[in-house]
Structure formats: structure tokens, C-alpha cells
Amino acid sequence: MIAFDLFCENDHVFEAWFKDRDTYEEQSRRGLIECPICGNNNIKKRPSQFAIMKGGKREAQGEGLSERDAAIEVLKRIHSYVMKNTEDVGTKFAETALKMHYGVLEPKNIRGVATEEQEKMLQDEGIDFFKLPVLSKQRGEGDS
Ligand SMILES: [Zn+2]
């Protein structure tokens, strides 16, 4: 997944998430992206952008930022996005995600915590989720 900062003709800034950059380009070209505030579909991308990781693999893209600064910037933005747009289910994350996956619960955006076993189970089930490192508590990242 990749998120872009987009803005419309009326200067409304919003974030939108796409499978990858090509998906964005395609939707943009076809005028499928609309401003959530005014519905305008003349959308442009702001220069800054960030990508996020799946399954713990981190990718950061920034302009003129060190990899670490870019990663922190990415995290801050993702965290604020997530806080605004998700419901906190705490330790019931895996359970809730599974129920939504099997249609027991209405799909919604959730956040919460999961153990490594739960994460693996969700991955095995083919459930998409994002893992956000906690800013204040660094874990070993296995960088060389
Ligand atoms: Zn707008």
C-alpha cells in the first residue's frame, strides 16, 4: 500500500491510499479520485509521499530526508491517519479482523495490538493489515 497526499482544485488536502503507484496513476488519469470534501476530481499529488510496509518490511520514501527521518515522518503521519480513521479494538484486533474477514462483523477500519502468533495467523488467513512500529519503543529492525 502507498499513501499520497493529494489536493483538489479548491486546495483541500487529503490522503488517499492505493495498492501501488501504478494504481494511483491509473485512477488519477481516469478521474476516479475525488476530493472527499467537495467531490472535485481534478486531483493533484503533492510532492511528498510515503509508502508503508506490509508484514514488518519497512519502506520509506522521502525527498531530502534521511532514511530515519523519513521513517519517523511516515510513522507520525500514519499514526495520525490511523487514529482519525480507525476504531481501537485493543487486544481484540486479531479476533475482530478474523470476524470481519469471515463476514461475522461489518467491515470497518480497526486498530489494535496482536501477538506475533496472531499476526502470523492473520497472514496465513490472507488478511491484510498494517503493522506500525511504536515510535517510543524501538524494536530490533535487523538492519545490516
Ligand atoms: Zn475539494
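Residues numbered from 1 in each chain as written. Predicted model: local features only at pLDDT ≥ 70, side-chain atom pairs only at ≥ 80, totals over all residues.

A.B. asks: Explain the overall build of the protein chain to me, please; I cannot follow it from the model alone.
C.D. replies: From N to C terminus, the protein chain includes four helices and five strands. Mapped in sequence order, the helices and strands of the protein chain form the string β-β-α-β-α-β-α-β-α. For the protein chain, buried positions account for 10% of its 144 residues. (Helix = DSSP H or I, 4+ residues; strand = E, 2+ residues; numbered from the N terminus. Buried ≥ 20, exposed ≤ 12 C-beta atoms within 10 Å, placed from the backbone.)

A.B. asks: Please explain unusual backbone geometry as it appears in this structure.
C.D. replies: Glycine aside, negative phi is the norm for most residues, and most peptide bonds take the trans geometry. A positive phi angle, near 65 degrees, is found at Asp11, a position not held by glycine. Tracing the backbone through its elements, the reader meets Asp11 in the loop between strand E1 (2-7) and strand E2 (13-18).

A.B. asks: In this structure, what is going on with the environment of Gly39? I would like to understand it.
C.D. replies: Mapped onto the elements, Gly39 comes out in the loop between helix H1 (21-29) and strand E3 (44-51). Sequence separation of Gly39 and Cys8 is 31 residues, and the distance between their C-alpha atoms is 8.7 Å.

A.B. asks: How should I be thinking about the pairing of E2 in this particular structure?
C.D. replies: Side-chain positions along a regular strand alternate between the two faces of the sheet. Two elements, E1 and E2, share six bridges in a ladder whose sense is antiparallel. If you follow Ile2 over to E2, its bridge partner there is Phe18. (Pairing = 2+ DSSP bridges.)

A.B. asks: Help me out: how do you make sense of the confidence of the model for the protein chain in this one?
C.D. replies: Fine structural detail should not be taken from predicted coordinates in areas where pLDDT scores are low. On average, the protein chain scores 80 in pLDDT, and the residues at 70 or more come to 78%. Model confidence for the protein chain, summarised as mean pLDDT per element, is weakest for E3 at 66 and strongest for H1 at 91. In the predicted structure, residues 56-62 sits below a pLDDT of 50 and forms 19 contacts with residues beyond four places in sequence or in another chain. Predicted confidence is poor over residues 137-141, with pLDDT under 50, and the contacts of this stretch with residues over four places away or in other chains come to one contact. (pLDDT = per-residue confidence, 0-100. Contact = placed C-beta atoms within 7 Å.)

A.B. asks: So what exactly am I meant to see when it comes to the nonpolar core here?
C.D. replies: For soluble globular proteins, nonpolar side chains are generally found buried alongside one another. With seven residues, the main nonpolar core is built from Phe4, Leu6, Cys8, Tyr24, Ile33, Cys35 and Ile43. Look past the residues within four positions of Leu6 in its chain and what remains in contact with it is Phe14, Ala16, Ile33, Ile43, Lys44, Lys45 and Arg46. (Core = buried A, V, L, I, M, F, W, Y, C linked by C-beta atoms within 7 Å.)

A.B. asks: When you look at the environment of Glu106 in this model, what are you seeing that I'm missing?
C.D. replies: Locating Glu106 in the fold gives a position in the loop between helix H3 (93-101) and strand E5 (110-112). By the C-beta count within 10 Å, which is 7 here, Glu106 ends up exposed.

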